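Overview (structure and organization)
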Amino acid sequence: PPSDGVLEVFGKDIRHHGRDIRARTGVVPQADTLDPDFSVIENISIYARYFGLRPDVMQHEIDELLNLVELSDRRHSRVSTLSGGMKRRLTIARALVNDPELLVLDEPTTGLDPQARHLVWALIHGLKRSGKTIILTTHYLEEAERLCDNLVLIDHGHVVARGTTKELIATHCEKTVLEIRNILDPLQKQTIQNAATRLEYSGDTTYAYADDPTTLTTAIDRLGLEQVLHRQANLEDVFLRLTGRGIRD
């Protein structure tokens, strides 16, 4: 239950219209909630019954969903035999069984290997193109950059920034970042600081930020530093600037 305030979905107060809202919403929780004793198709079929789908409609929908998440050949496999990526795709299929207007994804790729993560990303892109409204929560900033049209950055329960990736970077960060992985002596630090807009530190790595990298790269070249990564600023730089580099509680 809400501790305070009002939460509306589809213009309806969730405290009074919860059943109607749930009927129009699909949820992919962070934790695995599949039944390990059931097969792939049984997990979806039982869930579909919660929404009152007719058996003939339900079978057609399930076949389409299994094709969508590339699990048709595993329809009779027990969930306990699936890989982590397969389980996430099955959970997404289950969340789509009622053809929801709103899909909520809570850290959908946590713990997945790169191949499985890219499969899930491709699936989410396809759902976006089909017109689904998606709310995605994630700690993978690369994932947010790839998938999200609009972003909200939250720190300790408070919104600290919102906008597109391009807008957030332009507003809160310089264009260029140089990651320097050498241990710097005081003179080297001062030289880089004079050439950069600002510096941040994490362990032995120095992050030098600048809108025009020419002066900064020239200074680093003169110092003869070799372990340097030159890249464009990204959403992670924005998040770290707004929330700090300390571990979040």
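Residues numbered from 1 in each chain as written. Predicted model: local features only at pLDDT ≥ 70, side-chain atom pairs only at ≥ 80, totals over all residues. Heavy atoms only, no water.

The next subject is the confidence of the model for the protein chain. Across the protein chain, the average pLDDT comes to 92, with 99% of residues at 70 or higher. Averaged over each element, pLDDT in the protein chain is lowest for helix 3 (residues 55-68) (88) and highest for strand 4 (residues 102-106) (97). (pLDDT = per-residue confidence, 0-100. Helix = DSSP H or I, 4+ residues; strand = E, 2+ residues; numbered from the N terminus.)

What follows is about the packing of helix 2 (residues 40-49) against helix 4 (residues 84-95). Two numbers describe how helix 2 lies on helix 4: the axes approach to 9 Å, and their chain directions differ by 25°. Between helix 2 and helix 4, the interaxial angle falls into the category roughly parallel. Classified by chirality, the crossing of helix 4 by helix 2 is right-handed. Contacts from Val40, Asn43, Ile44 and Tyr47 in helix 2 reach Leu90, Ala93 and Arg94 in helix 4. Here the residues of the contact of helix 2 with helix 4 are counted per class, giving five nonpolar, one polar and one charged. (Axes fitted to C-alpha atoms, helices over the stretch in contact; angles between N-to-C directions. Parallel < 35°, antiparallel > 145°, perpendicular 65-115°, else oblique. Left-handed = near helix turned anticlockwise from the far one by under 90°. Contact = heavy atoms within 4.5 Å. Nonpolar A, V, L, I, M, F, W, Y, C, P; charged D, E, K, R; others polar.)

The calculated volume of the largest pocket comes to roughly 960 Å³. Along the wall of the largest pocket there are 32 residues; nearest its centre are Leu136, Thr137, Thr138, Val152 and Leu153. Of all the elements in the fold, those that place two or more residues in the lining of the largest pocket are helix 5 (114-129), strand 5 (133-137), helix 6 (141-147), strand 6 (151-155) and helix 10 (235-243). Top element by residues in the lining of the largest pocket is strand 6. It accounts for five residues. A class-by-class count of the residues in the lining of the largest pocket yields 15 nonpolar, nine polar and eight charged. When residues of the lining of the second largest pocket are traced back to their parent elements, those giving at least two are helix 1 (18-23), strand 3 (25-28) and strand 4. Residue contributions to the lining of the second largest pocket peak at five residues, all from helix 1. Grouping the amino acids of the lining of the second largest pocket by side-chain chemistry returns eleven nonpolar, three polar and two charged. (1 Å grid on protein atoms, 1.4 Å probe; cavity = no way out; pocket = protein on both sides within 12 Å on 5 of 7 lines; lining within 4 Å. Points joined across faces, edges and corners; volume = space filled by probe spheres on them.)

The strand order across the open sheet built from three strands is 3-4-5, with neighbouring strands paired in parallel fashion. Pairing within the sheet leaves two strands with one partner each, and these edge strands are strand 3 and strand 5. The mean inter-strand angle of the sheet, taken between neighbouring strand axes irrespective of direction, is 15°. Pairing between strand 3 and strand 4: four bridges, direction parallel. Residue pairing across strands places Gly26 opposite Leu103, the latter belonging to strand 4. Against the sheet, helix 4 touches strand 3 and strand 4, its axis set at about 165° to strand 3. (Pairing = 2+ DSSP bridges.)

The subject of this paragraph is the sheet that holds strand 11 (residues 228-232). Pairing between sheet strands relies on hydrogen bonds along the backbone, with the strands arranged either parallel or antiparallel. Reading across from one edge, 9-10-8-11 is the order of the four strands in this open sheet, with antiparallel pairing throughout. Of all the strands in the sheet, the pair left with one neighbour each is strand 9 (198-202) and strand 11. Mean inter-strand twist for the sheet, computed between neighbouring axes without regard to direction, equals 20°. As paired elements, strand 9 and strand 10 (residues 205-210) share five bridges and run antiparallel to each other. Considered in strand 10, the bridge of Glu200 is made with Tyr207. Packed on one face of the sheet, helix 9 (residues 214-223) meets strand 8 (176-180), strand 10 and strand 11 and runs near 15° to strand 8.

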